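Secondary and tertiary structure notes
So the chains spell out like this:
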Amino acid sequence: MNIILLGAPGSGKGTLSEFLCEKKAFTQLSTGDLFRDNILNKTELGLKAKEFINKGKLVPDSITNSMVEKYLKGKKKDLIFDGFPRTDDQALALDKMLEKLDEKIDKVIYLDIDESTLMGRLTGRMICQICKRSYHRITRKPLKEGICDFDSGTLIVRPDDKEDKIKIRLEAYHNQTAPLIKFYKDKIIKINADNCSPEELYIRVEKVLGF
Ligand code: ADP
């Protein structure tokens with residue numbers, strides 16, 4: 001089963017992916033993580049993407065689509081698309097890529113969340129540089145400050161998790177990504193992601209997917 005996770009920045013897509021990968025052996029494709037790895041390794045793609053990401057803007061479709069196409073070679077089953085597609089153009093490109101692999105999107109999980117929750121979640125977020133798990137300085141603290149519980153990786157604050165950049169990301173979400181809810185109307189499952197822990201959210205998703 002291939003699933004897209006759709007939702008605003010901070011709605012819980014990344015953490016839900018972690019759970020689905022750990023408990024149900026999905027493979028996560030997070031375009032945000034791929035971009036950040038490229039930035040860390042100073043690749044040509046990373047250099048191009050960095051100027052958009054650090055401003056809170058979407059990376060252009062041509063760059064994003066070709067990165068995903070490359071990633072999909074050899075990986076084609078039980079995928080979770082986290083943060084991709086984010087535009088109409090990307091959604092159409094994904095359909096074509098999957099068709100070539102004789103695959104398709106089965107379900108689109110839309111994490112519906114009250115926007116007032118998002119700013120607090122994102123400004124407090126820290127992520128592990130190695131495994132990408134996310135923590136929060138108040139609600140999901142690591143056992144040891146600044147260190148990932150799972151692999152002892154260093155926790156970092158993303159440069160785009162600053163209030164001014166978050167506002168731009170939310171705008172991009174509303175203008176470019178939210179219209180995909182209509183695009184996927186036949187496959188979408190709306191989940192209320194308000195006031196629930198990552199564990200509770202996972203249980204809600206597990207139920208609707210019939211696991
Ligand atoms: P979030 O969901 O919290 O915004 P991500 O890690 O998914 O975080 O994305 C971080 C940034 O990476 C985005 O703000 C954007 O600049 C870039 N990015 C990620 N996925 C895409 C995509 N599909 N298309 C364009 N840019 C993307």
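Here, every reference points to the structure presented above.
Please read these numbers as outputs of a predicted model, since none were measured by experiment. (Residues numbered from 1 in each chain as written. Predicted model: local features only at pLDDT ≥ 70, side-chain atom pairs only at ≥ 80, totals over all residues. Heavy atoms only, no water.)

1. Observations concerning the overall build of the protein chain
Of regular secondary structure, the protein chain possesses nine helices and eight strands. Computed over the C-alpha atoms, the radius of gyration of the protein chain is 16 Å, within 12% of the 17 Å expected from 2.2 N^0.38 for a compact globule of 211 residues. Over its C-alpha atoms, taken along the principal directions, the protein chain stretches across nearly 45 × 40 × 30 Å. Taking the contacts inside the protein chain whose residues are at least 6 apart along the sequence as the reference set, 71% of them involve residues at least 24 apart. Here the protein chain displays about 11,200 Å² of accessible surface, and carbon together with sulfur accounts for 51% of that area. Put simply, the protein chain has 38 plus and 33 minus side-chain charges, and the middle of one group is 2 Å from the middle of the other. (Helix = DSSP H or I, 4+ residues; strand = E, 2+ residues; numbered from the N terminus. Rg over C-alpha atoms; globule rule 2.2 N^0.38 Å. Contact = heavy atoms within 4.5 Å. Areas by Shrake-Rupley, 256 points an atom, 1.4 Å probe, with all protein chains shown as cover. Lys, Arg positive; Asp, Glu negative; His and termini not counted. Charge placed at Lys NZ, Arg CZ, Asp CG, Glu CD.)

2. Considering the site of the ligand
Taken together, 19 residues surround the ligand, and among them Thr31, Arg36, Lys57, Gly83 and Arg169 come closest. Lys13 is positioned such that a nitrogen or oxygen atom in its side chain is 3.0 Å from an oxygen atom of the ligand. Arg86 has a polar side-chain atom sitting 2.9 Å from a nitrogen atom of the ligand. For the ligand, the protein covers 97% of the area, taking 540 Å² as the surface of the free molecule. Partitioning the shell around the ligand into residue classes produces six nonpolar, five polar and eight charged. (Near = heavy atom within 4 Å. Polar contact = N/O pair within 3.5 Å; in protein donor to acceptor, adjacent residues only side chain to side chain. Nonpolar A, V, L, I, M, F, W, Y, C, P; charged D, E, K, R; others polar.)

Fair warning: the whole summary comes from geometry, so function is off the table for now.
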